[in-house]
Amino acid sequence: MQQKHPEYTLRLAHAETEAPTIKTYTFDTSALGFKFTAGEYVKVVLDGVVGDPRGNQREFSIFSPATRSAEYINITTTIEPSDSPYKNKLNSLKPGDQATVIGPLGKFTLNGLNDDAEVVLIAGGIGITPFRSIILTELASGSSRRITLIYSARTP
Ligand SMILES: Cc1cc2nc3c(=O)[nH]c(=O)nc-3n(C[C@H](O)[C@H](O)[C@H](O)COP(=O)(O)OP(=O)(O)OC[C@H]3O[C@@H](n4cnc5c(N)ncnc54)[C@H](O)[C@@H]3O)c2cc1C
């Protein structure tokens, strides 16, 4: 039998343009008991997506630290002029709008490592998202783990 993952209706608290083609969405999780491990992702399901061959949901790594999961989660994505109907819908969300968020999901975490195990994280472009969450969570938890991030982006 397939496992049913937790599902939440989250309110968009705000959306912020970080760079010309990068936008971060903050969803309010207060009083919902939402918990995740840094590195996990969610599926974001939107109403009103029309004519998208991939449907009305996409996966996004959680971008914010796990230590703030009782207040909010962030997701970050690219927004381009030739975007899919799903991305256009995401881009049109206004504060106060709601989305269905399924998760947390995934195994791309530091679980199972010793607290003092050194890690090297390698990412390109939007692939930075789970690593930001991992690094901020480690910092907020007072971890003394040594972390090296190797990152590449198309533009400085
Ligand atoms: C575990 C996991 C974590 C992920 N985390 C992130 C994350 O943190 N951030 C993130 O951004 N992505 C993340 N992704 C990828 C994300 O789920 C999407 O697949 C990705 O953002 C592309 O979605 P899209 O709707 O833009 O593209 P798709 O629908 O796959 O389309 C690809 C491209 O085709 C073109 N296109 C599609 N439809 C049309 C149309 N009708 N007209 C014109 N052009 C069109 C657009 O250029 C579009 O960008 C993750 C995926 C996984 C599996």
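Counting starts from 1 at the beginning of each chain's written sequence and moves along it residue by residue. At least 70 in pLDDT is required for a residue's local features to be given in this predicted model, at least 80 for side-chain atom pairs to be given and counted, and no such filter applies to totals for whole chains, interfaces and linings, which use all residues. Water and hydrogen atoms play no part in the side-chain values, which are based on all heavy atoms of the structure.

Labelled according to an unreviewed UniProt entry, the protein chain appears under the name FAD-binding FR-type domain-containing protein, originating from Candidatus Marsarchaeota G2 archaeon OSP_D.

Turning our eyes to something else, we now look at the site of the ligand. The near set for a molecule or strand comprises every residue that places at least one heavy atom within 4 Å of it. In the neighbourhood of the ligand, 16 residues make up the surrounding shell, with Arg54, Glu59, Thr77, Ser84 and Thr129 lying closest. We call two N or O atoms a polar contact when they sit within 3.5 Å, provided that within protein one can donate a hydrogen and the other can accept it, with sequence-adjacent residues counted only if both atoms are side-chain atoms. Arg54 has a polar side-chain atom sitting 2.6 Å from an oxygen atom of the ligand. With respect to the ligand, the side chain of Arg58 contributes an N or O atom lying 2.8 Å from an oxygen atom. For the purposes of this entry, the term helix denotes a DSSP run of H or I that reaches at least four residues, the term strand denotes a run of E that reaches at least two, and both are numbered from the N terminus. Elements that contribute at least two residues to the shell around the ligand include exactly strand 4 (57-61), strand 5 (72-78) and helix 1 (85-92). If you tally residues by element for the shell around the ligand, the top one is strand 4, at four residues. Looking at side-chain class alone, the shell around the ligand contains four nonpolar, seven polar and five charged residues. Classes in brief: Ala, Val, Leu, Ile, Met, Phe, Trp, Tyr, Cys and Pro nonpolar; Asp, Glu, Lys and Arg charged; the others, Gly included, polar.

Helix length check: helix 2 (residues 129-140) (12 residues) gives 17 Å between terminal C-alpha atoms against 16 Å at 1.5 Å per residue, within 8%. Residues of helix 2 that are buried make contact with strand 4, strand 5, strand 7 (119-124) and strand 8 (147-152). To estimate the expected span of a helix, count its residues, drop one, and scale the result by 1.5 Å. Contacts: residue pairs with any heavy atoms within 4.5 Å of one another.

In this structure, strand 7 lies alongside strand 8, joined through six bridges in parallel fashion. Considered in strand 8, the bridge of Val119 is made with Ile147. Note on pairing: DSSP must find at least two bridges between two strands before they are called paired.

Here the focus is the side chain of Lys23. Assignment of secondary structure puts Lys23 in strand 2 (residues 22-28). With a 1.4 Å probe rolled over the protein chains alone, any residue whose accessible area is under 20% of its type maximum counts as buried; one over 50% counts as exposed, and the rest are partly exposed. Think of it this way: Lys and Arg go in the positive column, Asp and Glu in the negative one, and His and the chain ends go nowhere. Note on definitions: salt bridges are taken to be side-chain nitrogens of Lys or Arg within 4 Å of carboxyl oxygens of Asp or Glu. At 9.5 Å, Asp83 is the nearest oppositely charged side chain to Lys23, a buried residue that forms no salt bridge. A distance of 2.6 Å separates polar atoms of two side chains, one belonging to Lys23 and the other to Asn91. Not counting the four nearest positions on each side in its chain, Lys23 is found in contact with Ala15, Glu16, Thr17, Glu18, Ile75, Thr76, Thr77, Ile79 and Asn91.

We define the nonpolar core as a collection of buried residues of types Ala, Val, Leu, Ile, Met, Phe, Trp, Tyr and Cys that are connected through side-chain atoms lying within 4.5 Å of one another. Within the largest apolar cluster, 30 residues are counted, with the highest numbers of intra-cluster contacts made by Phe27, Val44, Leu46 and Ile73. Among the elements of the structure, strand 1 (7-19), strand 2, strand 3 (41-45), strand 5, helix 1, strand 6 (98-105), strand 7 and helix 2 are those that each provide at least two residues to this core. For Ile73, the contacting residues outside a window of four places in its chain are Leu10, Tyr25, Thr26, Phe27, Thr29, Phe34, Phe36, Ile62, Ser64 and Val101.

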